[in-house]
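Descriptive structure summary
Chain by chain, the residues run as shown.
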Amino acid sequence: MAKVIFLDRDGVINKCAKEHEYITQWEYFEFLENVPGAIRLLNNEEYKIVVISNQRGIARGIMTKDEVDELHQRVNEYLNNNGANIDCFLYCPHETGKCNCRKPDIGLFLAAERLFEVDKIHSYMIGDSESDIIAGKNYGVKTVFIGEYNSLADVCCKSLYEAVQIILKGERLG
Ligand SMILES: [Zn+2]
């Protein structure tokens, strides 16, 4: 069984776009502080890293699947050059209300289960929006909110790096 860290993308790995805008290419992708280091720590502890994100911009014709895939490939190349790796990127390309994979639905988690047998007890969803936290809860993993505060999340903190510190410390304590 695989321990999995499910990561939202914008606001967790990279800076969010402005409201109603989308990160459509590498040139607009800005890593948040210490993200490669945080992912590297998880890689070292043998967590699988799965990015799950809503990419409604595809349904809206703002970007194509190929562009999103190419962006994700560039992100992983950058991480690989910094000693870190994301195992896979899963995303929902659909418009709201048209599928079962747009968070807070759990279709993307179920897609991950086709790749790994997920050890839910030792797996986490980390996100910066309430829909991420609800999705993680619906699926049945622990949840970490990045931001000021979210009452539904198991843990709230300021950054992915801080989230990883808390997770690894907690797992060591059992
Ligand atoms: Zn979908």
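Further up the page is the structure itself.
Cut-offs applied
- The residue numbers shown here count from 1 along each chain, following its written sequence.
- In view of the model being predicted, local features appear only for residues whose pLDDT reaches at least 70, and side-chain atom pairs are presented and counted only at 80 or more, with totals across whole chains, interfaces and linings using the full set of residues.
- In computing side-chain properties, one takes all heavy atoms of the structure into account and sets aside hydrogens as well as water.
- Note: metal donors comprise N, O and S atoms at 2.8 Å or less from the metal (3.2 Å for Na, K and Ca); water molecules are not included, so apparent gaps in a site are possible.
- The geometry test gives tetrahedral to four donors whose angles all lie between 85 and 135 degrees, gives square planar to four donors and octahedral to six donors whose opposite members are over 155 degrees apart with all other angles between 65 and 115, and gives irregular to the rest.
- Counting from the N terminus, the helices are the DSSP runs of H or I reaching at least four residues and the strands are the DSSP runs of E reaching at least two.
- Contact criterion: two residues are considered in contact whenever any of their non-hydrogen atoms come within 4.5 Å of each other.
- For a helix, the expected span equals 1.5 Å multiplied by the residue count minus one.
- Buried residues are those whose accessible area, probed at 1.4 Å on protein chains only, stays under 20% of the maximum for their type, while exposed residues exceed 50% and partly exposed ones sit between those limits.
- Read the arc as the range of directions from the helix axis to the C-beta atoms.
- Here a polar contact is taken to be a pair of N or O atoms separated by no more than 3.5 Å, where protein atoms must pair a possible hydrogen donor with a possible acceptor and residues adjacent in sequence count only if both atoms sit in side chains.
- The axes used here are C-alpha line fits, helices contributing only the stretch in contact, and every angle between their N-to-C directions lies in the interval 0 to 180 degrees.
- Angles are sorted into four bins: roughly parallel if under 35 degrees, roughly antiparallel if over 145, roughly perpendicular if 65 to 115, and oblique for all others.
- By definition, any crossing whose near helix is turned counterclockwise from its far helix by less than a right angle is left-handed, and any crossing with a clockwise turn is right-handed.
- Residues are grouped as follows: Ala, Val, Leu, Ile, Met, Phe, Trp, Tyr, Cys and Pro are nonpolar; Asp, Glu, Lys and Arg are charged; every other residue, Gly included, is polar.

Perfect tetrahedral coordination of a metal by four donors corresponds to 109.5 degrees between them, and perfect octahedral coordination by six donors corresponds to 90 or 180 degrees. Protein-derived ligands of the zinc ion are Cys92 (SG), His94 (ND1), Cys99 (SG) and Cys101 (SG), with the metal-ligand distances lying across 2.1 to 2.2 Å. Around the zinc ion, the 4 donor atoms are arranged such that angles at the metal cover 102 to 117°; this shape is classified as tetrahedral. Counting the intervening residues between successive donors of the zinc ion yields the motif C-x1-H-x4-C-x1-C.

Next up on the list: the environment of Asp128. On the secondary structure map, Asp128 appears in the loop between β4 (124-127) and α4 (130-139). Taking C-alpha positions, Asp128 is 23 Å from Ile62, a pair spaced 66 residues apart along the chain. Apart from residues lying up to four places away in sequence, Asp128 is in contact with Asp8, Asp10, Gly11, Val12, Cys16, Phe145 and Ile146.

Here we come to helix α5 (residues 160-173). Given a rise of 1.5 Å per residue, 14 residues ought to cover 20 Å, and the 20 Å separating the end C-alpha atoms of α5 matches this to within 8%. All buried positions along α5 are accounted for by Leu160, Ala163, Val164, Ile167 and Leu168. For α5, the angular spread of buried residues about the axis comes to 125°, placing them on one side. Exposed residues on α5 whose side chains face more than 90 degrees from its buried face are Lys169, Arg172 and Leu173. Looking at the buried residues of α5, the elements they touch are β1 (4-7), α1 (35-44), β4, β5 (142-146) and β6 (155-157).

Take the side chain of Lys103 next. Tracing the sequence through the fold places Lys103 in the loop between β3 (88-92) and α3 (107-113). For Lys103, the side chain forms a polar contact with the side chain of Asp8, separated by 2.9 Å. Within the structure, the side chain of Lys103 is placed 2.8 Å from the side chain of Asp132, a separation counted as a polar contact. Contacts of Lys103, omitting those with residues within four sequence positions, involve Asp8, Ile52, Ser53, Asn54, Met125, Ser131, Asp132 and Ala135.

Helix-helix packing is characterised by the crossing angle of the two axes and by the distance between the axes. At a minimum axis distance of 8 Å, the contact between α1 and α5 shows a crossing angle of 20°. Between α1 and α5, the angle is such that the two are roughly parallel. For the element pair α1 and α5, the recorded crossing hand is left-handed. Side by side, α1 and α5 meet where Val35, Gly37, Ala38, Ile39, Leu41 and Leu42 of the first sit next to Leu160, Tyr161, Val164, Gln165 and Leu168 of the second. Class assignment of the residues belonging to the contact of α1 with α5 gives a composition of 9 nonpolar, 2 polar and no charged.

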